[in-house]
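# Survey of secondary and tertiary structure
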Amino acid sequence: MIVDAHHHFWDPARADYPWLTDDLAPIRRDFGPQDLAPHLLRRGIDGTVVVQARSAVDETRELLALAAEVPWLLGVVGWVDLTDRAVEGVLGELCEGALVGVRHQVHDERDPSWLRRRDVDRGLAAVERAGLVYELLVRERELPAALAVARAHPGLRLVVDHLAKPPLRSGETTAWAEGLAALSALPNVHCKLSGLVTEAEWKTWSAPALAPYLRRALGWFGPERCLFGSDWPVCLLAADYDDVVDLVLSALREGERSAVMGETATRVYGLAEPA
């Protein structure tokens, strides 16, 4: 089974997405299953995991309702308030559907150690008890806190989104590399090969320039802990769907493709094949 383990749906006319600012105007419109389906069919992708795009339980419920209707939508990474003392009950309610994980826009928090807060830690423990994945949307600044979480919760499956967004435009990647390499030493941490085209210069990126970052992640985590994600429709700022698929495929070596393009995601999220 081939899986796109990271994409989004949204409709700014129906809800507020504060991060969709004027400089992201090309993607500030409605994107739904009908828009993604032709790309999946063309590339032979069997199923997907949709990921939250706003901090609202309502969005999570909407995505779960979509997953109940769309056969190829195999999993939902939603949002809950980790600091809510009632988070366990909320997760219990949501887990009746296709929820496979939880995410928060950690890199937008003012505190780089937000993940280490006591109330957040309590929420992460609830995610672990629910048997869900926690996705780390972090940059270099938050990697030390992410490492502390991974060590404190060895039973919690963690997935780093977008290779922790290496600072490709500045080229100052030493701290990023050290932080992500340290995370990779822990067996409960996985890494999404996604999101690089929008971290690079949108109009001038190239596969040869980005492939070394993918190879570094593969070297640290191994293909059995790496998974492909398109980051559609965010990727459309810099590339089309085919471009991001081809970018990852171009970086893979013989024997790595089946794991990265489906097996890892299927195992980590516990996905079932579409009907």
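What you see is a predicted model; the values in this text were computed from it and never measured.

Pairing within the open sheet is parallel, and its eight strands lie in the order S1-S2-S3-S4-S5-S6-S7-S8. Here the strands that pair on one side only, and so sit at the sheet edges, are strand S1 (3-7) and strand S8 (226-228). Recorded for the sheet is a direction-independent mean angle of 25° between the axes of neighbouring strands. Here S1 runs beside strand S2 (residues 47-51); their pairing, made up of three bridges, is parallel.

So, about the packing of helix H8 (residues 207-221) against helix H9 (residues 241-251). Where H8 meets H9, the closest approach of the two axes is 9 Å, and the angle between their N-to-C directions is 60°. Taken together, the axis directions place H8 and H9 in an arrangement best described as oblique. Like other packed secondary-structure pairs, H8 and H9 cross with a definite hand, here right-handed. Across from Ala 207, Leu 210, Ala 211, Leu 214, Arg 215 and Leu 218 in H8, the residues of H9 making contact are Leu 247, Val 248, Ser 250 and Ala 251.

Moving on, we get to unusual backbone geometry. The linkage connecting Trp 232 with the following residue, Pro 233, adopts the cis geometry, with an omega of 0°. Unusually for a residue other than glycine, His 162 sits at a positive phi of about 60°. Of note, His 162 is situated in the loop between strand S6 (158-160) and helix H6 (174-184). Classification of His 162 by relative accessible area gives buried; the value is 4%.

Where burial is concerned, most of strand S7 (residues 189-193) is hidden: five out of the five residues are buried. What you see with S7 is no split at all: Val 189, Cys 191 and Leu 193 on one side and His 190 and Lys 192 on the other are buried throughout. Across three bridges, S6 lies against S7 in parallel orientation. What sits directly across from Val 160, in S7, is Cys 191. Handedness of the crossover joining S6 and S7 through H6 is recorded here as right-handed. Where S7 meets S8, three bridges bridge the pair, whose relative direction is parallel. By the bridge assignment, Cys 191 is partnered in S8 with Cys 226.

The next thing to look at is the state of the cysteines. Tallied over the entire structure, the rule returns zero disulfides. Free of any disulfide, Cys 191 has its nearest cysteine sulfur in Cys 226, 5.2 Å distant.

Within this structure, the stated rule accounts for seven aromatic pairs. Taking 5.9 Å as the distance between ring centres and 85° as the angle between the ring planes, the aromatic pair formed by Trp 10 and Phe 31 counts as edge-to-face. One end of the pair, Trp 10, is in the loop between S1 and helix H1 (33-43); the other, Phe 31, is in the loop between S1 and H1, and 21 residues separate them in sequence. Comparing Trp 10 with Phe 31, the two get one shared label, buried. The interplanar angle of 55° and the centroid separation of 5.9 Å between the aromatic rings of Trp 176 and Tyr 213 together place this pair among those described as tilted. Highlighted residues: Trp 176 in helix H6 and Tyr 213 in helix H8, separated in sequence by 37 residues. Given the relative accessible area of 0%, Trp 176 is considered buried. A relative accessible area of 16% places Tyr 213 in the buried class. In this structure, Arg 54 packs its charged tip against the face of Tyr 17, placed 5.7 Å from the ring centre.

Quick notes on the rules
Residues numbered from 1 in each chain as written. Predicted model: local features only at pLDDT ≥ 70, side-chain atom pairs only at ≥ 80, totals over all residues. Heavy atoms only, no water. Pairing = 2+ DSSP bridges. Helix = DSSP H or I, 4+ residues; strand = E, 2+ residues; numbered from the N terminus. Axes fitted to C-alpha atoms, helices over the stretch in contact; angles between N-to-C directions. Parallel < 35°, antiparallel > 145°, perpendicular 65-115°, else oblique. Left-handed = near helix turned anticlockwise from the far one by under 90°. Contact = heavy atoms within 4.5 Å. Buried < 20%, exposed > 50% of the residue type's maximum accessible area, 1.4 Å probe, protein only. Right-handed = clockwise from strand over helix to strand, strands pointing away. Disulfide = S-S within 2.5 Å. Phe/Tyr/Trp six-rings, centres within 6.5 Å; stacked < 30°, edge-to-face > 60°. Lys NZ or Arg CZ within 6 Å of the ring centre and 35° of its normal.

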